[in-house]
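The primary structure of each chain is shown beneath.
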Amino acid sequence: MKPPVRVAVTGAAGQIGYSLLFRIASGAMLGEDQPVILQLLEITPALKALNGVVMELKDCAFPLLAGVVTSDDPKVAFKDADYALLVGALPRKAGMERSDLLNANGGIFKPQGEALSEVASRNVKVLVVGNPANTNALIALSNAPKLKPSQFHAMVRLDHNRAISQLAEKTGKPVTAIQKMTIWGNHSTTQFPDLYHATVDGKNAYELVNDHAWYETTFIPTVAKRGAAIIEARGLSSAASAANAAIAHMRSWALGTAEGDWTSMAFPSDGSYGVPEGLVYGFPVTVKNGQVEIVKGLEINAFSRAKMDATAKELEEERQAVKDLGLVK
Ligand SMILES: NC(=O)c1ccc[n+]([C@@H]2O[C@H](COP(=O)([O-])OP(=O)(O)OC[C@H]3O[C@@H](n4cnc5c(N)ncnc54)[C@H](O)[C@@H]3O)[C@@H](O)[C@H]2O)c1
Ligand SMILES: O=C(O)C[C@H](O)C(=O)O
């Protein structure tokens, strides 16, 4: 058996937490040979509910669960953490955009960035799920001077999986036939799900579908507005699919992407594809031995360029808004 790694999860008594913790403890995230110690952060009033979740975790008798810590102090929950999933934040309600949560949620990510910088493992991998995820990741990394900005990711994997599922339905193929999907930009309605480089059974997806109107007016809005559609239907924001995407993102980051395929991850831009430096932006990536590399050399046509610029512009506006709030210098 490998020595256990420490996995911090914030908002652990929430909806996503309830779908997430049991899968992490089962080995779905880091592999079935990797014991984990869960370090769970909640606000003080939710600690009682969190205790109930911990009782259930224990009742599963997971062979890989080597310990559980609970706290309302980020410096305790993040101590020596190798992985941190920052989920704890308000979800939006019907009629809101995710960016409407910046005022309420932005303030959570400054002290959490500071605490990670002070006490987490120097190699910690941080995934921000709480919305608006990209700009919350920017806040966290901007307040973590002792860690590298590239250690902070935001989640666009749910959008990525939604895009794969929609394309599979359209083409009548199984999801396993689909590779090289990309979500560029923000986890918001301006995101750009890119079919120009995706493949279905090795064939170019855009050419196979051969229907630009469907791509522009059905596929892109369906993927980009799926979160709102789920809130409308369930009365609550997505939880099991969000937890599943967080597991998949961390698994890809820790264990690598499949040969010949790539995935989508959002992290601070290095200027690739003309994306302004520092914006936490979704890119196509491969991962090998923990090293995340942006897929280089993809041809960007005028349609894609306009979409990629629009989502970057929205992220620049969000960056300005959190600068104005004093959360980012
Ligand atoms: N990036 C994505 O694809 C994606 C997908 C789904 C949901 N989300 C977002 O994830 C977040 C959580 O969603 P949920 O449905 O689990 O919400 P929820 O309200 O069920 O749970 C959130 C939990 O976070 C806790 N919390 C609040 N402030 C905290 C803090 N400072 N420290 C620690 N814990 C704190 C709350 O007590 C609550 O238990 C929301 O912001 C939601 O919009 C993101
Ligand atoms: O849409 C939301 O507010 C929740 C989440 O970001 C989602 O995409 O399902």
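Residues numbered from 1 in each chain as written. Chains lettered and ligands numbered in written order. Predicted model: local features only at pLDDT ≥ 70, side-chain atom pairs only at ≥ 80, totals over all residues. Heavy atoms only, no water.

**Quick look at the UniProt feature "binding site: substrate" (unreviewed entry) in the protein**
The cut-off we apply is this: UniProt positions are given in the numbering used here, feature names are shortened, and annotations may be inferred rather than shown by experiment. In this analysis the probe radius is 1.4 Å and the grid spacing 1 Å, with only protein atoms considered; a cavity is a set of points the probe fits into but cannot get out of, a pocket is an open set with protein on both sides within 12 Å along at least five of seven lines, and lining residues have an atom within 4 Å of a point. Only DSSP runs of H or I covering at least 4 residues are called helices, and only runs of E covering at least 2 are called strands; the numbering of each starts at the N terminus. Any two residues whose heavy atoms approach within 4.5 Å are treated as being in contact.
On the UniProt side, "binding site: substrate" (unreviewed entry) is annotated at positions that read Arg-92, Arg-98, Asn-131 and Arg-162 here. Within this annotated set, the largest pocket is lined by Arg-92, Arg-98, Asn-131 and Arg-162. Examined against the element boundaries, Asn-131 turns out to sit in the loop between strand E5 (125-128) and helix H5 (133-142). Counting through the fold element by element, Arg-162 comes out in helix H6 (residues 157-171). Once residues within four sequence positions are removed from consideration, Arg-162 is found in contact with Arg-98, His-187, Val-223, Arg-226, Gly-227, Ile-230 and Ser-238.

**A word on the site of ligand 2**
This is how the line gets drawn: In this text, near means that some heavy atom of the residue lies within 4 Å of the molecule or strand in question. As used in this structure description, the phrase polar contact means that two N or O atoms lie within 3.5 Å; if the pair is within protein, one of them must be able to donate a hydrogen and the other to accept it, and residues adjacent in sequence are counted only when both atoms belong to side chains. To measure how exposed things are, a 1.4 Å probe is used in the Shrake-Rupley method; for residues, cover is taken only from the protein chains shown.
In the vicinity of ligand 2, the contacting residues are Arg-92, Arg-98, Asn-131, Leu-158, Arg-162, His-187, Gly-227, Ile-231, Ser-237 and Ser-238. Here Arg-92 contributes a side-chain N or O atom positioned 2.5 Å from an oxygen atom of ligand 2. Contact with the protein chains removes 95% of the 260 Å² of surface that ligand 2 exposes when unbound.

**Describing the layout of surface pockets**
What counts, and what does not: Grid points are joined across faces, edges and corners, and a volume is the space filled by probe spheres set on the points. For this classification, Asp, Glu, Lys and Arg are treated as charged, while Ala, Val, Leu, Ile, Met, Phe, Trp, Tyr, Cys and Pro are nonpolar and the rest, including Gly, are polar.
Estimates place the volume of the largest pocket at around 720 Å³. Along the walls of the largest pocket sit 37 residues, with Val-87, Gly-88, Ala-89, Leu-90 and Pro-91 positioned nearest its centre. The set of elements that each furnish at least two residues to the lining of the largest pocket consists of helix H1 (15-26), helix H4 (102-119), H6 and helix H9 (226-234). Examining the composition of the lining of the largest pocket, we find that four residues originate from one element, H4, more than from any other. A class-by-class count of the residues in the lining of the largest pocket yields 18 nonpolar, 13 polar and six charged.

**A short note on the site of ligand 1**
Selection criterion: More than half of a molecule's atoms within 2 Å of the grid points is what it takes for that molecule to sit in a cavity or pocket.
The full set close to ligand 1 counts 26 residues, and Gln-15, Glu-42, Leu-90, Val-129 and Asn-131 are the nearest of them. Within the backbone of Gly-11, an N or O atom sits 3.3 Å from a nitrogen atom of ligand 1. About the coverage of ligand 1: the protein hides 86% of its 860 Å² of free accessible area. When atoms are counted within 2 Å of each cavity's grid points, the one that captures over half of ligand 1 is the largest pocket. Put simply, the parts of the chain that give the shell around ligand 1 at least two residues each are H1 and H4. For the shell around ligand 1, the element with the most residues is H4, which contributes three residues. Considered class by class, the residues forming the shell around ligand 1 number 14 nonpolar, eleven polar and one charged.

**Points about H1**
Worth spelling out the cut-off: Residue burial is assigned from relative accessible area. The probe radius is 1.4 Å, only protein chains are included, and a residue is buried under 20% of its type maximum, exposed over 50%, and partly exposed in between.
Among the residues of H1, Ile-16, Gly-17, Leu-20, Leu-21, Phe-22, Ile-24 and Ala-25 are the ones counted as buried. Tucked inside the fold, the buried residues of H1 contact strand E1 (5-10), strand E2 (36-41), helix H2 (47-59), strand E3 (65-71), strand E4 (83-86) and helix H10 (240-255). Following H1 by one or two positions, Gly-27 adopts a phi angle in the positive range, close to 100 degrees.

**A short note on the packing of aromatic side chains**
The condition that has to hold: Any pair of Phe, Tyr and Trp rings, taking the six-membered ring for Trp, is counted once the centres come within 6.5 Å. Such a pair is stacked with planes under 30 degrees apart, edge-to-face with planes over 60 apart, and tilted for the rest.
Within this structure, the stated rule accounts for 13 aromatic pairs. On the numbers, 5.6 Å between centres and 75 degrees between planes, the contact of Tyr-18 with Phe-22 is edge-to-face. One end of the pair is Tyr-18 and the other is Phe-22, both in helix H1 and four residues apart, which spans about a single turn. Among the aromatic side chains, those forming a connected cluster through ring pairs are Phe-192, Tyr-196, Tyr-206, Trp-214, Tyr-215, Phe-219 and Phe-303.

**Regarding the pattern of salt bridges**
Rules: Here, a salt bridge means any Lys or Arg side-chain nitrogen found within 4 Å of an Asp or Glu carboxyl oxygen.
Within the structure shown, the criterion is met by eight salt bridges. A salt bridge links Asp-33 to Lys-2; the shortest N-O distance between them is 3.5 Å. Remark: Lys-2 occurs in the segment before E1 and Asp-33 occurs in the loop between H1 and E2; sequence separation between them is 31 residues. For Asp-33, a relative accessible area of 40% translates into the label partly exposed. Notably, a salt bridge pairs Lys-79 with Asp-80, separated by 3.8 Å at the nearest N-O pair. According to the relative accessible area criterion, Lys-79 is partly exposed, its value standing at 43%. On the basis of relative accessibility, which here comes to 39%, the residue Asp-80 falls in the partly exposed class.

**Some words on the side chain of Thr-182**
Assignment of secondary structure puts Thr-182 in strand E8 (residues 182-184). Take Thr-182: its relative accessible area is 0%, and that puts it in the buried class. One polar contact links Thr-182 to Trp-262, side chain to side chain, over a distance of 3.0 Å. Once residues lying within four places of it in the same chain are set aside, the contact partners of Thr-182 are Phe-192, Pro-193, Asp-194, Trp-262, Ser-264, Phe-283 and Pro-284.

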